Amino acid sequence: MQNTEQLFKNIIAHSKEYGFVFPSSEIYDGLGAVYDYGQYGAELKNNLKTYWWKAMVQLNENITGIDSAIFMHPKIWKASGHVDGFNDPMIDNKDSKKRYRADNLLEDRIAKYHKEGKTDKAAQLQEQMDAYLKTDDLAGLKQLIEEHEIACPVSGTRNWTDVRQFNLMFSTKMGATAGENEVVYLRPETAQGIFVNFLNVQKTGRMKIPFGIAQIGKAFRNEVIARQFIMRMREFEQMEMQFFVRPGTELEWYAHWKEMRLKWHLALGVDPARYRFHDHAKLAHYANAAVDIEYEFPFGFKEVEGIHSRTDFDLSQHQEFSGKKLQYFDPELNKSYVPAVIETSIGLDRMFLSVFCNAYTEEALENDSRTVLKFHPALAPVKAAVLPLTRKDGLPEKARAIMDRLKLDFNMQYDEKDSIGKRYRRQDAIGTPFCITVDYESLENDTVTVRHRDSMQQERVSIESLYGMIAERVSWKTLLQ
Ligand code: ATP
């Protein structure tokens, strides 16, 4: 059996070779931690967005969706705490000129101690690091790096700079005569666009508490180091929902959303053992509960989604910084208050990676092998491929007619090149659940062969029945009911 490192390399290679994910600006040697989604990647991503949007917005009468701008008033990031507190501790190696996150260097050392069976040493280092991170003690972090003789993986030396704080927000300038005051940020999270529209949505939508606002959009973070492919990107996409509740009831709603969100992940048919909750031991100063939903990637369990009980922190801050009231009048209590908020925040790219890793299967067959992406049919980029057995005798025309009947409702592919076996393999590699083969019998009795991706079983069905068969298998109902 191959090791997980090799497996992950194969997954990355497959995603590129079959048009899912490309490194950005590749012909210019790429741009660090930025990626482009190719022809099938874009489809898969869109399907994941639809799955989320339907589950959150369409199925909950009290949740509504918005699309706020990436640029926002710079004061928003002051109010949210991002200008002053959205930092990572970084350190440079003077010989290699490489920059690292101090906590990542220490985490790697902790993992090494674990591997070597030095669990006490690992635990002690973890405890010291957590304490220094909590108090922003940068000199303390540097001291740990020195004490544990951590060397730069590139130069092999221990010639380090001091540890400094590095703000993760990208800034740019707005307007033709940009001066100091016109600095604007690329949003590092989509949530603030929801908070500042809280009253707009509540009033125009006549929303009653409890209610939620959801949105999907790009976020930008100048991550000090990029790791593990699309796990940690500098430009990525988030799907976030802020749920506004009566203060004092937030922990009940937190428990509710924790359960609902895990259910959403598990509905995809993933082995439940691949998911786990990771409760935050250290809470952000504004949160009174927080948990990560972690997925077991080939490189271990990592956060895919966070669920946070944020109290009334964000709305209160915006109330203070904007000078505008951000309160809800509760007719049942006959009083106004700043609502408490439960946030569910999932990274679309990390979700993409988890779905891709879960689907990726290398299968040994009797005299052959195949690589197949076993996506849930509702998520598959291409739902069905139509394959005429030969390129003559009216078979392509018959196949095209089938395409025309199905392509309005399903993303279809037509392929007449190479042997049928090769065409099946190509569709397996992009995860197409159905291959429809048109042969001479099809001309006689309007039937075709349908080959199923996972079982590779073939069955003879009438052309008439194709629509219903595909519709049933790819329907969102299979996931959401
Ligand atoms: P991490 O600890 O991994 O940096 P985080 O706790 O900072 O993540 P949040 O701020 O809670 O992440 O963001 C919510 C979600 O956004 C995360 O669960 C993750 O899926 C996604 N996310 C955050 N940063 C990135 C990134 N740089 N690239 C891709 N997705 C990201």
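All values reported here derive from a predicted model rather than from experimental measurement.

(A) Spatial organisation of the overall build of the chain. Across its full length, the chain holds 17 helices and 23 strands. Along the longest, intermediate and shortest principal axes, the C-alpha atoms of the chain span 80 × 65 × 50 Å. Per-residue burial for the chain yields a buried fraction of 49% across its 481 residues. Summed over all atoms, the accessible surface of the chain reaches about 23500 Å², with 48% contributed by carbon and sulfur.

(B) Representation of the domain arrangement of the chain in the model. The domain architecture assigned to the chain consists of domain 1 (4-78 + 169-356), domain 2 (87-167) and domain 3 (365-480). One C-alpha centre belongs to domain 2, the other to domain 3; they are set 53 Å apart.

(C) Layout of the site of the ligand. The environment of the ligand is made up of 15 residues, and the closest members are E223, R232, M233, E303 and V304. In this structure, an oxygen atom belonging to the ligand sits 2.8 Å away from a main-chain N or O atom of V304. Alone, the ligand offers 590 Å² of accessible surface; in the complex the protein occludes 81% of this. Counting residues per element, the ones that place at least two in the shell around the ligand are β10 (235-245), β13 (300-309) and β16 (340-347). Residue composition of the shell around the ligand, grouped by class: 4 nonpolar, 5 polar and 6 charged.

(D) Quick look at the packing of aromatic side chains. Here the structure, examined in full by the defined rule, presents 25 aromatic pairs. Their ring planes at 70 degrees and their centres at 4.9 Å tell us that F8 and F299 sit as a pair that is edge-to-face. Residue F8 is found in helix α1 (residues 4-17), and its partner F299 is found in the loop between β12 (289-297) and β13; the two are separated by 291 residues along the sequence. For F8, a relative accessible area of 11% corresponds to the buried category. Pairing F410 with Y467 gives two aromatic rings, centres 5.3 Å apart and planes at 50 degrees, and the pair type is tilted. With F410 in the loop between α13 (395-406) and β20 (412-414) and Y467 in helix α16 (residues 463-474), the pair connects residues that are 57 residues apart, well separated along the chain. Residue F410 is classed as buried on the basis of its relative accessible area of 8%. Relative accessible area serves as the criterion here: at 38%, Y467 is assigned to the partly exposed category. Site record: aromatic cluster; members linked through ring pairs are F8, Y35, F229, Y275, Y295, F297 and F299.

(E) Representation of the nonpolar core in the model. Counting 61 residues, the largest nonpolar core has F20, L44, W52, F352 and F375 as the members making the most contacts within it. When residues of this core are assigned to domains, at least three fall in each of domain 1 (4-78 + 169-356) and domain 3 (365-480). Counting residues in hydrophobic clusters, the runner-up holds 21 residues, among them V386, L395, A399 and M412.

(F) Fine view of unusual backbone geometry. Across the junction of I209 and P210, the peptide omega takes the value 5 degrees, indicating a cis bond. With respect to the helices, strands and loops of the structure, P210 is situated in the loop between α9 (198-204) and β9 (211-220). The backbone of D136 shows a phi angle near 55 degrees, a positive value even though the residue is not glycine. Structurally, the position occupied by D136 is in the loop between α6 (119-134) and α7 (138-147).

Reading the values: the criteria
- Residues numbered from 1 in each chain as written.
- Predicted model: local features only at pLDDT ≥ 70, side-chain atom pairs only at ≥ 80, totals over all residues.
- Heavy atoms only, no water.
- Helix = DSSP H or I, 4+ residues; strand = E, 2+ residues; numbered from the N terminus.
- Buried < 20%, exposed > 50% of the residue type's maximum accessible area, 1.4 Å probe, protein only.
- Areas by Shrake-Rupley, 256 points an atom, 1.4 Å probe, with all protein chains shown as cover.
- Domains from an automatic or database assignment.
- Near = heavy atom within 4 Å.
- Polar contact = N/O pair within 3.5 Å; in protein donor to acceptor, adjacent residues only side chain to side chain.
- Nonpolar A, V, L, I, M, F, W, Y, C, P; charged D, E, K, R; others polar.
- Phe/Tyr/Trp six-rings, centres within 6.5 Å; stacked < 30°, edge-to-face > 60°.
- Core = buried A, V, L, I, M, F, W, Y, C linked by side-chain atoms within 4.5 Å.

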